[in-house]
Amino acid sequence: MDIFSKIAAGEIPSYKCAENEKFYAFLDINPLVKGHTLVIPRREVDYIFDMEDDEIAEFQVFAKKVAKAIGKAFPCKKVAQVVLGLEVPHAHIHLIPMQQEGDVDFRREKLKLTEEEFKEIATKIYAEFKKQ
């Protein structure tokens, strides 16, 4: 079981932003901006394009709902969707609230947030997600 599967299963703590039976969303622990969230399928699949067509469609619809919740919790011009990363062999989408394109530069310094800040951010996003 990879680290993201352990997170979705509750074996490793995370700051949950949204979930259903097939997908899970949680805060990135090295965020570019407040609200930077990862969305994953609960099923282990390394590469997003290895997902079945119906599964990837459901994944995108779930990510859209999470993005709308992020946008309400953290007003921004857009919520960027980024698919990248080779560190974890588990398909994932980064959802990042952005005011400008530079907010999505993964080379820039990451935010250093306290546990209380992470909890507050996740709670705000989850509350907006549940309203949908």
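That block above? That's the structure.
For the structure given in this document, a descriptive report is provided here.

Section: the environment of Ile-3
As for its position among the elements, Ile-3 is in helix α1 (residues 3-8). Remark: the alpha-carbon pair of Ile-3 and Glu-44, spanning 41 residues in sequence, is separated by 10 Å. Those residues in contact with Ile-3, other than ones at most four positions away along the chain, are Ile-12 and Val-88.

Quick word on the packing of aromatic side chains
Under the defined criterion, the tally for this structure stands at eight aromatic pairs. Here the aromatic rings of Phe-62 and Phe-129 are separated by 5.6 Å at their centres, their planes lie at 65°, and the arrangement is edge-to-face. Taken together, the residues span a long stretch of sequence, with Phe-62 in helix α2 (residues 53-73) and Phe-129 in helix α3 (residues 115-130) at a distance of 67 residues. In terms of burial, Phe-62 and Phe-129 fall into one category: buried. Its end group placed over the ring of Phe-74, Lys-124 keeps NZ or CZ at 4.7 Å from the ring centre.

A short note on the packing of α2 against α3
Closest axis-to-axis distance for the α2/α3 pair is 8 Å, and the angle between their directions is 120°. The angle between the axes of α2 and α3 places the two elements in the oblique class. In the packing of α2 onto α3, the handedness of the crossing is right-handed. Contacts from Phe-62, Lys-65, Val-66, Ala-69, Ile-70, Lys-72 and Ala-73 in α2 reach Lys-124, Ile-125, Glu-128 and Phe-129 in α3. Class assignment for the residues of the contact of α2 with α3 results in seven nonpolar, no polar and four charged.

As for the layout of surface pockets
Left-over empty space is what a probe sized like a water molecule reveals as it rolls over the atoms. The computed volume of the largest pocket comes to approximately 410 Å³. As for the largest pocket, its lining consists of 21 residues, and the residues nearest its centre are Phe-4, Asp-28, Asn-30, Leu-38 and His-94. Counting residues per element, the ones that place at least two in the lining of the largest pocket are α1 and β2 (23-27). Looking at the lining of the largest pocket, its residues break down into twelve nonpolar, six polar and three charged.

Thoughts on the sheet that holds β2
Spatially, the five strands line up as an open sheet ordered β1-β2-β3-β5-β4, and their pairing is antiparallel. A single partner strand is all that each edge strand has here, and the edge strands are β1 (16-19) and β4 (78-82). Averaged over neighbouring strand pairs, the angle between their axes works out to 20° when direction is ignored. In the sheet, strand β3 (residues 37-41) pairs with strand β5 (residues 93-98) via three bridges, with the strands oriented antiparallel. Across the sheet, Leu-38 pairs through a bridge with His-94, a residue of β5. On the sheet, α2 packs against β1, β2, β3, β4 and β5 and is oriented at approximately 155° with respect to β3. Each of β1, β2 and β3 is contacted by α3, which is oriented at about 25° to β1, the strand it contacts most.

Re the pairing of β2
Counting buried residues along β2, five of its five residues qualify, which places the element largely inside the surrounding structure. Here β2 shows a buried face lined by Phe-23, Ala-25 and Leu-27 and a second buried face lined by Tyr-24 and Phe-26. Examined bridge by bridge, β1 and β2 share three bridges and lie antiparallel to one another. Paired with Ala-18 across the strands is Ala-25, a residue of β2.

About the criteria used
- Residues numbered from 1 in each chain as written.
- Predicted model: local features only at pLDDT ≥ 70, side-chain atom pairs only at ≥ 80, totals over all residues.
- Heavy atoms only, no water.
- Helix = DSSP H or I, 4+ residues; strand = E, 2+ residues; numbered from the N terminus.
- Contact = heavy atoms within 4.5 Å.
- Phe/Tyr/Trp six-rings, centres within 6.5 Å; stacked < 30°, edge-to-face > 60°.
- Buried < 20%, exposed > 50% of the residue type's maximum accessible area, 1.4 Å probe, protein only.
- Lys NZ or Arg CZ within 6 Å of the ring centre and 35° of its normal.
- Axes fitted to C-alpha atoms, helices over the stretch in contact; angles between N-to-C directions.
- Parallel < 35°, antiparallel > 145°, perpendicular 65-115°, else oblique.
- Left-handed = near helix turned anticlockwise from the far one by under 90°.
- Nonpolar A, V, L, I, M, F, W, Y, C, P; charged D, E, K, R; others polar.
- 1 Å grid on protein atoms, 1.4 Å probe; cavity = no way out; pocket = protein on both sides within 12 Å on 5 of 7 lines; lining within 4 Å.
- Points joined across faces, edges and corners; volume = space filled by probe spheres on them.
- Pairing = 2+ DSSP bridges.

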